[in-house]
Amino acid sequence: MLKTVTIKKTSLPNFLPHGWKTEVAKTLGIHRNTVKNALDAGRGETYEKIKRIAIIKWGEAK
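Residues numbered from 1 in each chain as written. Predicted model: local features only at pLDDT ≥ 70, side-chain atom pairs only at ≥ 80, totals over all residues. Heavy atoms only, no water.

Q: Break down the packing of helix α1 (residues 20-28) against helix α2 (residues 32-41) for me, citing the residues and quoting the values.
A: Where α1 contacts α2, the two axes come as close as 8 Å, and the packing angle between them is 110°. Taken together, the axis directions place α1 and α2 in an arrangement best described as roughly perpendicular. Contacts between α1 and α2 pair Trp20, Lys21, Thr22 and Ala25 from the former with Arg32, Val35 and Leu39 from the latter. When grouped by side-chain class, the residues that make up the contact of α1 with α2 number four nonpolar, one polar and two charged. (Axes fitted to C-alpha atoms, helices over the stretch in contact; angles between N-to-C directions. Helix = DSSP H or I, 4+ residues; strand = E, 2+ residues; numbered from the N terminus. Parallel < 35°, antiparallel > 145°, perpendicular 65-115°, else oblique. Contact = heavy atoms within 4.5 Å. Nonpolar A, V, L, I, M, F, W, Y, C, P; charged D, E, K, R; others polar.)

Following this line, the structure appears as structure tokens:
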């Protein structure tokens, strides 16, 4: 018997809460500056991880 799972499309809010970079860094086990550098680069494996964590924690359903 199969179970159907519906995945909601989510996006990041316009403004993230204060201290979100530190919280994401703690979740991933990386330094806060690594988060900033990955965001500045706008690409890469770390960037995708950061984006995924932020969507999970603060994402809004469309």
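Q: Could you give an account of the nonpolar core, with specific residues and numbers?
A: Across soluble globular proteins, nonpolar side chains show a tendency to be buried alongside one another. With 10 residues, the main nonpolar core is built from Trp20, Val24, Ala25, Val35, Ala38, Tyr47, Ile50, Ile53, Ala54 and Trp58. In terms of residues, this core owes the most to one element, helix α3 (residues 45-58), which gives five residues. With near-sequence residues (within four places) excluded, Ile50 lies in contact with Trp20, Val24, Leu28, Val35, Ala38 and Leu39. (Core = buried A, V, L, I, M, F, W, Y, C linked by side-chain atoms within 4.5 Å. Buried < 20%, exposed > 50% of the residue type's maximum accessible area, 1.4 Å probe, protein only.)

Q: Give me the packing of α1 against α3: which residues, what numbers.
A: Where α1 contacts α3, the two axes come as close as 10 Å, and the packing angle between them is 110°. Taken as axis vectors, α1 and α3 run roughly perpendicular relative to one another. When the axes of α1 and α3 are compared, the crossing they make is right-handed. Between α1 and α3, the residues in contact are Trp20, Glu23, Val24, Thr27 and Leu28 and Lys49, Ile50, Ile53, Lys57 and Trp58, respectively. (Left-handed = near helix turned anticlockwise from the far one by under 90°.)

Q: Break down the pattern of salt bridges for me, with residues and values.
A: For the structure shown, the criterion picks out four salt bridges. Here Lys36 and Asp40 are joined by a salt bridge, their closest N and O atoms 2.7 Å apart. Of this pair, Lys36 and Asp40 both sit in helix α2, four residues apart, roughly one helical turn. Judged by its relative accessible area of 39%, Lys36 is partly exposed. (Salt bridge = Lys/Arg side-chain N within 4 Å of Asp/Glu carboxyl O.)

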